[in-house]
Amino acid sequence: MSKGTAEDIVRRATAAFNSGQPDEARQLCERGLARAPGDPMLSHLLAAVLFSKGEIQSARSHVENSLAKRPENAAAHLLAARIARAAKDFGGALTHLDRVIAIAPQREVFLEKARTLDQAGLRPQAREAWQAILDVVPQNQEAAARLGRLAWEDGDHAAAVTLLERAAKGDAPASVWFDLGLGRQDLRDCHGAATAYRRAIELKPDFAEAGLNLGIVLQESGDLDGAMRAYVEAYRLRPSTFGTIAMALTSAPHGRLWIDEAALRRALAQLAQNRTLPIGKSMP
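Residues numbered from 1 in each chain as written. Predicted model: local features only at pLDDT ≥ 70, side-chain atom pairs only at ≥ 80, totals over all residues. Heavy atoms only, no water.

Further remarks concern the environment of D186. Tracing the backbone shows D186 in helix α11 (residues 174-186). Overall, D186 belongs to the partly exposed group, its relative accessible area being 31%. Sequence separation between D186 and V161 is 25 residues, and the spatial gap between their C-alpha atoms is 9.7 Å. A distance of 2.6 Å separates polar atoms of two side chains, one belonging to D186 and the other to W152. (Helix = DSSP H or I, 4+ residues; strand = E, 2+ residues; numbered from the N terminus. Buried < 20%, exposed > 50% of the residue type's maximum accessible area, 1.4 Å probe, protein only. Polar contact = N/O pair within 3.5 Å; in protein donor to acceptor, adjacent residues only side chain to side chain.)

Turning our attention to the confidence of the model for the protein chain. Taken as a whole, the protein chain shows an average pLDDT of 89; of its residues, 88% reach a score of 70 or greater. Low pLDDT, under 50, characterises residues 276-284; the stretch is placed with 24 contacts to residues that sit more than four places away or in other chains. (pLDDT = per-residue confidence, 0-100. Contact = heavy atoms within 4.5 Å.)

Looking now at the side chain of N140. Note that N140 resides in the loop between α8 (123-136) and α9 (141-153). Discounting chain neighbours no more than four positions away, the residues touching N140 are L111, I133 and L134.

If you look at the biggest cluster of nonpolar residues, it comprises 62 residues, and the most contacted ones within it are W130, Y197, Y231 and L268. For this core, the leading source of residues is helix α14 (residues 224-237), giving eight residues. Leaving out residues up to four positions away in the same chain, Y231 has contacts with L212, G215, I216, Q219, I245, A248 and L249. Core analysis: the next-biggest nonpolar cluster, separate from the first, contains 24 residues, V10, L28, L33 and A80 among them. (Core = buried A, V, L, I, M, F, W, Y, C linked by side-chain atoms within 4.5 Å.)

Turning next to unusual backbone geometry. Phi at K88 takes a positive value of approximately 65°, unusual for a residue other than glycine. Inspection of the secondary structure assignment puts K88 in the loop between α5 (74-86) and α6 (90-103). Even without being a glycine, R188 presents a positive backbone phi close to 65°. Its place among the elements puts R188 in the loop between α11 and α12 (190-203).

Here it is as structure tokens:
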């Protein structure tokens, strides 16, 4: 197979993949490699196709074949890093990323390294990496969100809220709004927390945990009817939230009493079907 023919197959396979035909792209790459084993372009592309389909080990083998022929290919190292991270080989991923940084340092590579350090549980290094990104790109939503979450996990709720409010702009995902709700809730800002949790639910209607926390902050602010609506929805989405709901209802300053656990389960189940509010005895 001539170099031109390999390049032609790569173009056809890339076009197939980009048009939503990964199986066609895979077949083209495999046929090409059968005629030219180890071709670095075909190996690289096949690795990308396999990775998109979740075939991690096969993808890893092919990208390593590509790098064996082209060890200075930054794009192949970046793909190899992503594949290694998916396989939870964080050391391997970081090795590839450091190589990319040495060859062609670009913003996306530093983001990928921060994500890898974060996923590996290397908190000090991850925090440093995210902060470096935010220092250079102050509007980077992902860096602000991750630093906010790390601050919240460390118990620095005020710093967490500042960072998460910075991240909760534009197309911020539900997870950012949920984390912002947690920070505001810990600062006893019930109204602000409720606003954040409602936004998280708007973006992800099946977000049971956000519904549960919304119920808790509404209950703490004295809006028991609103809290019950949130609890009912959380229970409908995830029945395992029952224990937390029962504890919140019986231990908070504003709550309701049921004679027994079974009665509360029946009430929540009925309300989930009827979407009506219960008639219960308010606690003092």
